[in-house]
Amino acid sequence: MEQKWWHSAIGYEIYPKSFKDGNGDGIGDLYGVLEKLDYLADLGINLIWLCPINKSPMVDHGYDVADYEEIDPIFGDKDTLKLLITEAKKRDIKIILDLVVNHSSDQHEWFQKALANPDGPYGDYYIFRKGTATEAPNNWYGIFNGSTWEKVGDDQSDLYYLHIFTKEQPDLNWENQKLREEIYGMIRRWLDFGIAGFRVDAISHVKKNFNYTNQHSERPDGLYNGMAYFNNVTGIVDILQELKSETFAQYDCFTVGEANTPTPAQLSEYAGENGHFSSVFDFFHTPYHVEEDQFRDNPLALVELLKEKIFNLHQNLAKDVFLTNITENHDNARSIDKFIPKNLQNFHSASLLGSVNFFLRGIPFLYQGQEIGMKNYPKKKITEYKDPTTLRQYDEKLLLRESPEEALSYYNRASREHSRTPMQWDSSENAGFSTGIPWFEVNPNKNEIHVEKSLLLAYYKKMIALRKNPDYQDNWIYGDFSPLFSEKEGLISYERRHNGQKICCLFQCRNSKCTIFLKKDGLKVLLSNYETNIIEDATITLRPFEVLILEIV
Ligand code: GLC
Ligand code: CA
């Protein structure tokens with residue numbers, strides 16, 4: 001396989017609004033990222049994904065782009081981005097941007113022109129369809145719930161446009177060649193500008209299947225889940241291959257697609273050697289939460305389920321597919337609260353959680369704050385949330401007859417906004433995030449959890465250093481994977497093997513001890529989250545939430 005620079009990437013996702021405010025207006029920005037480059041270099045990462053920084057009305061915090069060519073003034077300008085790229089390069093860090101092209105903002109000039117004249121050329125940049133004055137073109141509900149159709153014009157109008165996210169995010173019509181060419185030109189201009197690639201947002205949705213008649217629905221609003229009609233629809237391959245050949249393939253860039261639950265065959269199409277992208281995000285673990293009914297009294301069942309998912313995925317993964325392995329991102333609650341019962345949250349469980357998929361084949365990606373163990377910030381009232389999706393889905397839960405208490409409690413554990421509270425740099429008033437009033441409240445736990453006093457941070461640095469260690473790096477990147485001790489409940493363990501080198505990764509994912517027997521001549525401890533380990537001849541005893549990475553010699 002041809003080696004690429006990004007095979008050795010260790011990614012770090014930045015949600016710019018919440019990372020670091022450099023100019024005191026309460027909103028994180030590019031100046032803040034510049035200030036923290038040394039922190040990131042010291043952590044050891046070498047690739048930054050910046051969530052959207054384009055001009056935007058910020059209904060979805062930048063995932064609603066009003067101008068693809070410009071940077072939103074709240075974040076800075078093109079000169080600041082240039083400077084950031086240059087300064088990052090000095091520290092061996094590359095920068096990728098978020099590419100949000102399944103939809104634009106309703107404030108985008110194209111959409112404004114389309115609204116003014118739906119029959120004109122820009123009308124076909126979006127997806128307008130006729131229903132009746134009282135009924136939308138069909139009964140799909142979208143990814144952020146509610147009908148995917150928004151009426152244009154007065155009550156009598158029968159014209160609607162499609163949006164699978166919020167109504168302020170109209171879907172672009174990828175069947176239109178002219179639109180596609182505009183997008184390709186824009187992508188090439190950013191690559192020429194000097195960015196190293198893109199994280200490609202919601203890209204599995206660009207093709208729609210309109211071969212649909214209303215489906216029967218039991219829901220009070222009469223809507224039906226339209227996902228199958230706008231996710232990985234037959235024919236999407238042609239669109240994504242053209243996107244690649246007109247843009248990414250002409251550069252030595254890294255691209256990672258956000259593709260909703262692809263099948264194993266689709267993983268190869270997306271991220272194999274001839275795939276649409278360099279890599280694809282994998283979300284096998286994101287639907288689960290330890291406080292859900294099935295796991296609350298039996299957290300071990302969650303460990304076993306995750307183990308099965310990891311093993312299945314990695315045993316069946318084609319050799320040329322590079323996954324991007326994450327524990328957290330900006331669309332999910334914080335991982336400690338997601339996977340570790342409250343009474344067991346501590347340094348050992350947090351460091352274990354960060355390690356389990358860090359040594360899998362693929363590209364590890366951290367999300368800001370994960371390295372210091374940031375946690376959820378539950379609210380007293382639903383109105384304290386700012387995320388349009390959380391608010392909308394809350395209303396939906398009431399519609400589906402959940403009580404307000406149940407619905408609030410659900411979002412207090414599951415809202416994606418928990419991961420968007422300002423980064424906790426120190427214990428000062430706004431956690432060192434801003435000298436102004438933060439746009440979003442800092443988590444009250446900032447005195448206990450922050451960069452300056454984080455033990456977890458020191459562990460993450462060791463872990464990253466091990467992934468980058470030239471003696472082992474090729475094994476992490478290209479080595480084979482095989483499960484070990486699958487039958488041991490609560491233990492997730494696998495072997496990585498490459499050119500005769502064998503590394504055994506042991507993760508004791510429960511609050512008790514476990515003993516295993518390893519046949520070996522000798523071994524070398526490469527990493528642990530305990531200061532000493534209990535290894536007697538062939539017998540290894542793992543303590544609660546112990547991580548042990550061993551080279552077998
Ligand atoms: C992706 C983003 C998410 C955003 C959505 C719409 O899933 O990660 O944050 O709201 O797309 O752009
Ligand atoms: Ca700012």
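Each value, and the rule that gives it
Residues numbered from 1 in each chain as written. Chains lettered and ligands numbered in written order. Predicted model: local features only at pLDDT ≥ 70, side-chain atom pairs only at ≥ 80, totals over all residues. Heavy atoms only, no water. Donors = N, O, S within 2.8 Å, 3.2 Å for Na, K, Ca; no water. Near = heavy atom within 4 Å. Polar contact = N/O pair within 3.5 Å; in protein donor to acceptor, adjacent residues only side chain to side chain. Areas by Shrake-Rupley, 256 points an atom, 1.4 Å probe, with all protein chains shown as cover. 1 Å grid on protein atoms, 1.4 Å probe; cavity = no way out; pocket = protein on both sides within 12 Å on 5 of 7 lines; lining within 4 Å. Points joined across faces, edges and corners; volume = space filled by probe spheres on them. Helix = DSSP H or I, 4+ residues; strand = E, 2+ residues; numbered from the N terminus. Buried < 20%, exposed > 50% of the residue type's maximum accessible area, 1.4 Å probe, protein only. Contact = heavy atoms within 4.5 Å. Phe/Tyr/Trp six-rings, centres within 6.5 Å; stacked < 30°, edge-to-face > 60°. Lys NZ or Arg CZ within 6 Å of the ring centre and 35° of its normal. Arc of directions from axis to C-beta. Salt bridge = Lys/Arg side-chain N within 4 Å of Asp/Glu carboxyl O.

Asks: How would you summarise the coordination of the calcium ion (ligand 2) if you had to cite specific residues and measurements?
Replies: Taken together, D21 (OD), N23 (OD1), D25 (OD), I27 (O) and D29 (OD) make up the full set of protein donors to the calcium ion (ligand 2), lying 2.2 to 2.4 Å away. For the calcium ion (ligand 2), the single-chain donor residues occur in sequence as D-x1-N-x1-D-x1-I-x1-D.

Asks: How would you summarise the site of ligand 1 if you had to cite specific residues and measurements?
Replies: Around ligand 1, a shell composed of 13 residues is seen, among which D60, H103, D201, H330 and D331 lie nearest. In the model, an oxygen atom of ligand 1 is placed 2.9 Å from a nitrogen or oxygen of the H103 side chain. Protein chains bury 95% of the 310 Å² of accessible surface belonging to ligand 1 in isolation.

Asks: Please give an account of empty space enclosed by the protein that cites residues and values.
Replies: The full count for this structure, using the stated rule, is three cavities of 30 Å³ or more. Counted as a void, the largest cavity has a volume near 60 Å³. Taken together, I53, N54, Y68, L97, D98, L99, M186, W190 and F198 form the lining of the largest cavity.

Asks: So, the side chain of N443: which residues are in play, and what are the values?
Replies: Mapped onto the secondary structure, N443 falls in the loop between α14 (404–414) and α15 (455–468). Residue classification places N443 among the buried residues on the basis of a relative accessible area of 4%. Within the structure, N443 has its side chain in polar contact with the backbone oxygen of K375 (distance 3.1 Å). Sequence-distant contacts of N443, defined by excluding residues within four places in its chain, comprise K375, N376, Y377, T421 and Q424.

Asks: Explain the packing of aromatic side chains to me, and be specific about the residues and the numbers.
Replies: On inspection of all chains with the given rule, the structure shows 40 aromatic pairs. With a centroid separation of 5.0 Å and an interplanar angle of 75°, the aromatic rings of F144 and F165 are classed as edge-to-face. Here F144 is found in the loop between β7 (140–141) and β8 (149–151), whereas its partner F165 is found in the loop between β9 (159–162) and α5 (177–193), with 21 residues between them in sequence. When its relative accessible area of 10% is taken as the criterion, F165 is described as buried. Ring centres of Y288 and F295 lie 6.4 Å apart, and the angle between their planes is 80°; this geometry places the pair in the edge-to-face category. Under the relative-accessibility criterion, Y288 is labelled buried at 15%. Ring-pair connections join several aromatic residues into one group, and the members of that group are W140, W149, F210, Y212, Y224, Y229 and F230. The side chain of K36 reaches across the aromatic face of W425, ending 4.1 Å from its centre. In this arrangement the basic side chain of K78 is found over the ring face of W190, its NZ or CZ atom lying 5.2 Å from the centre.

Asks: How would you sum up helix α8 (residues 264–271)? Please name residues and give values.
Replies: For α8, the set of buried residues is Q266, L267, Y270 and A271. One face of α8 carries all of its buried residues, which in axial projection span an arc of 110°. Lining the buried residues of α8 we find α7 (236–246), β13 (279–281), α10 (299–315) and β14 (323–326).

Asks: Quick rundown of the pattern of salt bridges? Include the residues and the values.
Replies: If you walk through the whole model with that rule in mind, you get 32 salt bridges. In this structure, E242 and R180 form a salt bridge, with 2.8 Å as the shortest nitrogen-oxygen distance. Separated by 62 residues along the polypeptide, E242 in helix α7 and R180 in helix α5 bring together distant segments of the chain. Residue R180 is classed as buried on the basis of its relative accessible area of 10%. Residue D201 is joined to R199 by a salt bridge in which the shortest nitrogen-to-oxygen separation is 2.8 Å. Note on accessibility: D201 and R199 belong to one class, buried. Through salt bridges with shared partners, a single network forms among D60, D331, D387, R416 and R420.

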